[in-house]
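The lines below spell out each chain.
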Amino acid sequence: QDLLRSAKGTPVEQSIKLGLLKSLKRAAYSTEALGHYGLAKMDYCHFTSPIRRYADLVVHRALQHVLTNPPANPVKLPKVQKLEEIAQHISTTERTSGEAENATKRMKMMEYLFDIAQKESKQTFNVLITDVRRMGLFVEITDMQVKGLVKKEALPKGEWVFDQSVMAFRNYREKKDYKLGQRVNVQIARVDMERQLVDFVLIED
């Protein structure tokens, strides 16, 4: 929380948020009270009844006997060993369905970007530089959650030097920088449908 607060409003806010999310362990169901790391709560229990996921139903059934108006025939819960198997199974299936959903979204987005790339009048996107490597700038169209690469050779003409210490490409002669957290304008150079990769070319202001 201190890290997020200190980064708020700075050029690297989005990059820090993404890096922090990637560092967190993926959520999983368990019969043990392991708490919720993101919420900093030790007594956390998943209880999203409108969604009616199986994990929620198990919790609902476990609470039936403490209700002031319990059902006439409450559902009997499985033993702990069986509950552990259920927890592991639904963790796996939820992860699989999430990956399938992301893959579908990615595929449809690639089709959309491919169609844009084929048009004569090129559309310009405002992107965030999320990483800087020797090979070029990694960027993201944040409102579409599309990531891609501006290769070093796709930078505007000039002598560009990669400066790892400040995560930037620098043109000392013209006193220009392209650095982490900066917003720039790009156009689509190429969409690789098979590998689901997007190359952008940087457009100068």
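The coordinates are above.
I will try to describe carefully the structure that is included in this document. Predicted model, so just to flag it, every value in this text is computed and none were measured.

Looking now at the overall build of the protein chain. Tallying secondary structure elements over the protein chain gives four helices and eight strands in all. Counting helices and strands in the order they occur from the N terminus, the protein chain gives α-α-α-α-β-β-β-β-β-β-β-β. Taking 2.2 N^0.38 as the reference for a compact globule, 205 residues should give roughly 17 Å; the C-alpha atoms of the protein chain span a radius of gyration of 24 Å, well beyond that estimate. For the protein chain, the C-alpha atoms occupy an extent of roughly 80 × 40 × 25 Å along the three principal directions. Across the protein chain, the fraction of contacts at a sequence separation of at least 24, relative to all contacts at a separation of at least 6, is 47%. Carbon together with sulfur atoms contributes 54% to the accessible area of the protein chain, which is approximately 14,800 Å² in total. On the protein chain, the mean spot of the 33 positive side-chain charges and the mean spot of the 26 negative ones are 3 Å from each other.

The subject of this paragraph is the sheet that holds strand S5 (residues 168-171). Read across the open sheet, the three strands follow the order S4-S5-S6; overall the sheet is antiparallel. Two strands close off the open sheet at either side, each with one partner strand: strand S4 (161-163) and strand S6 (176-179). On average, each strand axis in the sheet is inclined to that of its neighbour by 25°, with strand direction left out of account. Relative to S5, S4 is paired through three bridges, and the arrangement is antiparallel. Bridging across to S5, Asp-163 finds its partner in Ala-168.

One non-glycine residue, Met-167, lies in positive phi territory at about 50°. Topologically, Met-167 is positioned in the loop between S4 and S5. For Lys-175, which is not glycine, the phi torsion reads 55° and is therefore positive. Structurally, the position occupied by Lys-175 is in the loop between S5 and S6.

The element strand S2 (residues 136-141) is extensively covered by neighbouring structure, given that five of its six residues are classed as buried. Where strand S1 (residues 124-133) and S2 come together, five bridges link them in antiparallel fashion. Each residue of the ladder has a partner; that of Val-132, found in S2, is Leu-137. Looking at chain direction, S2 and strand S3 (residues 146-151) are connected through six bridges and run antiparallel. By the bridge assignment, Phe-138 is partnered in S3 with Leu-149. Between S2 and S3, which pair antiparallel one after the other, the connecting turn spans four residues, and Gln-145 there sits at a positive phi close to 55°.

Parameters and conventions
Residues numbered from 1 in each chain as written. Predicted model: local features only at pLDDT ≥ 70, side-chain atom pairs only at ≥ 80, totals over all residues. Heavy atoms only, no water. Helix = DSSP H or I, 4+ residues; strand = E, 2+ residues; numbered from the N terminus. Rg over C-alpha atoms; globule rule 2.2 N^0.38 Å. Contact = heavy atoms within 4.5 Å. Areas by Shrake-Rupley, 256 points an atom, 1.4 Å probe, with all protein chains shown as cover. Lys, Arg positive; Asp, Glu negative; His and termini not counted. Charge placed at Lys NZ, Arg CZ, Asp CG, Glu CD. Pairing = 2+ DSSP bridges. Axes fitted to C-alpha atoms, helices over the stretch in contact; angles between N-to-C directions. Buried < 20%, exposed > 50% of the residue type's maximum accessible area, 1.4 Å probe, protein only.

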